[in-house]
Amino acid sequence: EQNGLLFWALRELGFDVMRATGAVWRHVKGDNAVGNHLVLFVNLDRIYLADLGVGDAMREPVPMASGTYEQGSLEFRLEDLNDGFWRVHNHEFASADAFDVREGPADEPLLARKNLELQTSPESEFVQNLICIRMYIDSVSVLAGKVLAHRTKDGEIKNLLTSADDLEQTLADVFGINDPDIRSLWPKIEARHYTVFGDTPIQNIDTSEI
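Draft legend 1. Highlighting the overall build of the protein chain. Counting its secondary structure elements, the protein chain contains 6 helices and 12 strands. The C-alpha atoms of the protein chain give 18 Å as radius of gyration, which agrees with the globular expectation for 210 residues (17 Å, within 12%). For the protein chain, the C-alpha atoms occupy an extent of roughly 50 × 40 × 35 Å along the three principal directions. For the protein chain, the residues scored as buried account for 42% of the 210 residues in total. The contacts of the protein chain with a sequence gap of at least 6 include a subset with a gap of at least 24, amounting to 44%. Total accessible area on the protein chain is roughly 11400 Å²; 50% of this is exposed by carbon and sulfur atoms. In the protein chain, 19 side chains carry a positive charge and 35 a negative one; their mean positions are 3 Å apart.

Draft legend 2. Representation of the pattern of salt bridges in the model. Taken as a whole and judged by the stated rule, the model has 9 salt bridges. A salt bridge links Asp83 to Arg26, with the shortest nitrogen-to-oxygen separation between them at 3.1 Å. Note that Asp83 is positioned in the loop between β6 (74–80) and β7 (85–89) and Arg26 in helix α2 (residues 26–29), a separation of 57 residues in sequence. The exposure class of Asp83 is partly exposed, given its relative accessible area of 41%. Accessibility expressed as a relative area gives 12% for Arg26, which makes it buried. Salt-bridge contacts for Asp165 lead to Arg183; the nearest nitrogen and oxygen are separated by 2.5 Å. With a gap of 18 residues between them, Asp165 in helix α5 (residues 164–175) and Arg183 in the loop between α5 and α6 (186–197) connect regions that are remote in the sequence. According to the relative accessible area criterion, Asp165 is partly exposed, its value standing at 47%. Here Arg183 falls in the partly exposed class, since its relative accessible area comes to 33%.

Each value, and the rule that gives it
Residues numbered from 1 in each chain as written. Predicted model: local features only at pLDDT ≥ 70, side-chain atom pairs only at ≥ 80, totals over all residues. Heavy atoms only, no water. Helix = DSSP H or I, 4+ residues; strand = E, 2+ residues; numbered from the N terminus. Rg over C-alpha atoms; globule rule 2.2 N^0.38 Å. Buried < 20%, exposed > 50% of the residue type's maximum accessible area, 1.4 Å probe, protein only. Contact = heavy atoms within 4.5 Å. Areas by Shrake-Rupley, 256 points an atom, 1.4 Å probe, with all protein chains shown as cover. Lys, Arg positive; Asp, Glu negative; His and termini not counted. Charge placed at Lys NZ, Arg CZ, Asp CG, Glu CD. Salt bridge = Lys/Arg side-chain N within 4 Å of Asp/Glu carboxyl O.

Encoded structure:
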């Protein structure tokens, strides 16, 4: 939805922008991941890649050229895979360490199918888990179920939510989300946390496993 909105906004402002087919975790999941992400190409003096949809990736557009790009204290790398795809290597403490984007216009039917699957399939991590991400110039705040993590290149500080009150307050204070109905999800969040992590101490929890 973020990149869909960004596409609309850029087009309304008069930019020459094209939707493209992305693939988060393709380097792990293979081509089954193709279509699980939307990426944008913007045509200015050259083609730029713009993406705000991963949640904790690039803060600014980058030229479609192999190389390393610094944004704040974070470093990103763009690689031509020479198979019709480019790979964006994310910064060192990102949730997804890389995603691919296919050259050319988006496969819209594929994007629509994958979008529906991610929103409705019982196997989808977004159906199974509550995940909120807010990125800043040099840091990221992530809520993965009951675990709230603040990450920088110097490390990670984690806190464990203990109640529906905690959940409601965290969403309001950290992510700017005010929704009293969110409290109804707390029993499912607790059950999912126990299924994935059991009684693992907070300092040993890797939220990427969720």
